[in-house]
Amino acid sequence: MRAVVRDPYGPVDVLRIDNIEPPVPGSGEVVVRVEAASLNMADLDHLLGRPRASRVATGLFRPTNRRVGIDVAGTVEQVGPDVSSLRVGDRVWADLFDSGHGALADRVCVLASALSPLPDDVSFDAAATAPHSGSLALQCLRAVGPIRPGERVLINGAGGCVGPFAVQIAKLRGAQVTAIDHGDKLDFLRDLGADEVIDYTREDFTRGARRFDVVLDIADTRSVFALRRPLAPGGRYVLIARRIGSFAAMTLLGPLVGRLTGTRMGTFFWQPNQRADLDELAGLLASGEVVPRIDRRYGLDDTIEAFRRLESGAARGKILVLP
Ligand SMILES: NC(=O)c1ccc[n+]([C@@H]2O[C@H](COP(=O)([O-])OP(=O)(O)OC[C@H]3O[C@@H](n4cnc5c(N)ncnc54)[C@H](OP(=O)(O)O)[C@@H]3O)[C@@H](O)[C@H]2O)c1
């Protein structure tokens, strides 16, 4: 079977399509036929071995895992011993971030416990967009506590992978959403339902007069001291950290700055592939309350091109790879 693999850490050019032995499921495992996978920034980080500190776990000099791809939706094709929760033909989905990666392949062998059932009324394409990015959006929204109707919610870096989920879910909860991203993406943000949009290349939201009840920060580009300014009294700020440094700074300083300024500032501990999150996302996708944004579809043989598009920042929504 075909699988996207890499041997060294490095940019997209390290990827290649390999013909590998079809997997045989061991105890507790199943083989999933991949119907759709999607790309995430986390896949790029996985390729590059970024941040460097993560290589302690993933291989200091060379990656210990050659396989690539975390978001997967597919059909159970084989069931190993000691699996009672799944049967051949079941529709499933997952974020394989901590389950061995490998979604970019014809098939992937994975512990049955890592898979959630995918309802019939959610297409494979729609499902593949959501496990990683949709869960991050749900978890960061949860971290700021319940959103009350009419609250002013600012989403910084709303035009990437996570933002489209965050914008739509915040709107569903009755928020007045302001979305920030590059000027080229403002129409996309409006189309997602954002009430107001800001071009980060023209306006610094930490310097303006506008105040927000909630700030979800996906871009992670400003210091904790700058980020206190756009918060209204009692406002809540949460960071999806991209860098270990900003995670540490926000964890240590956020609560202190928050206490001094009458706000709540912090980050959260992401938990990948939570069944409850996937069930909630399945409901939102099935009902049409959240519309998956699909930028382009690529075949497995064009995965490198798909990664280049992800890297370019030109995508409007998720990039799918369909084996
Ligand atoms: N903390 C954790 O536990 C955890 C867990 C998983 C993932 N992550 C990280 O969380 C991030 C998830 O975000 P994502 O996948 O949505 O990223 P993404 O696709 O890169 O989206 C980020 C968006 O922010 C925009 N942006 C860049 N600079 C900006 C600025 N100065 N102000 C406002 N927006 C700006 C980007 O636009 P341009 O195209 O113009 O650059 C892009 O549209 C990833 O980096 C991932 O590695 C964190």
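Residues numbered from 1 in each chain as written. Predicted model: local features only at pLDDT ≥ 70, side-chain atom pairs only at ≥ 80, totals over all residues. Heavy atoms only, no water.

1. A short note on the pairing of strand E10 (residues 196–199)
Each regular strand shows side chains that alternate between the opposite faces of the sheet. This is how it is decided: When DSSP finds two or more bridges between a pair of strands, those strands are recorded as paired. Helix and strand assignments follow DSSP, with helices taken as H or I runs no shorter than four residues and strands as E runs no shorter than two, numbered in order from the N terminus. By convention a crossover is right-handed if, when the strands point away from the viewer, the path from the first strand over the helix to the second runs clockwise.
For strand E9 (residues 176–181) and E10, the ladder comprises 4 bridges, and the chain directions are parallel. When the bridges of E10 are listed, Ile180 appears paired with Ile198. In this view, the connection linking E9 to its parallel neighbour E10 by way of helix H6 (residues 186–192) has right-handed handedness.

2. Points about the site of the ligand
For clarity, the threshold we go by: Here a residue is near a molecule or strand as soon as one of its heavy atoms is found within 4 Å of it. Pairs of N or O atoms within 3.5 Å make up the polar contacts considered here, provided that, within protein, one atom can donate a hydrogen while the other can accept it, and that residues adjacent in sequence are counted only when both atoms are side-chain atoms. Per-residue accessibility takes into account occlusion by the displayed protein chains alone, with areas from the Shrake-Rupley method and a 1.4 Å probe. Three classes are used: nonpolar for Ala, Val, Leu, Ile, Met, Phe, Trp, Tyr, Cys and Pro, charged for Asp, Glu, Lys and Arg, and polar for all others, with Gly counted as polar. All the domain ranges listed were derived from an automatic or database domain assignment.
The environment of the ligand is formed by 21 residues, the closest being Val162, Asp181, Lys185, Tyr200 and Arg242. Take Lys185: an N or O atom from its side chain is 2.7 Å from an oxygen atom of the ligand. Note that a nitrogen atom of the ligand is positioned 3.0 Å from one of the backbone N or O atoms of Ala241. Contact with the protein chains hides 81% of the accessible area of the ligand, taken as 930 Å² for the molecule alone. Looking at side-chain class alone, the shell around the ligand contains 10 nonpolar, 7 polar and 4 charged residues. Structurally, the shell around the ligand is a two-domain feature, drawing no fewer than three residues from each of domain 1 (2–129 + 292–322) and domain 2 (133–267).

3. Considerations on helix H4 (residues 131–143)
Where we set the bar: To estimate how far a helix should extend, the number of its residues minus one is multiplied by 1.5 Å. We call a residue buried when its accessible area falls under 20% of the maximum for its residue type, exposed when it is over 50%, and partly exposed in between, using a 1.4 Å probe and counting protein chains only.
If you check H4, its first and last C-alpha atoms are 18 Å apart, about what 13 residues at 1.5 Å a residue would give, namely 18 Å. For H4, a buried count of 11 out of 13 residues is recorded, marking the element as mostly surrounded by other parts of the structure. Here H4 has its buried residues at Pro131, His132, Ser133, Gly134, Ser135, Leu136, Ala137, Leu138, Gln139, Cys140 and Leu141. Within two residues after H4, Gly145 carries a phi angle of roughly 80 degrees, on the positive side.

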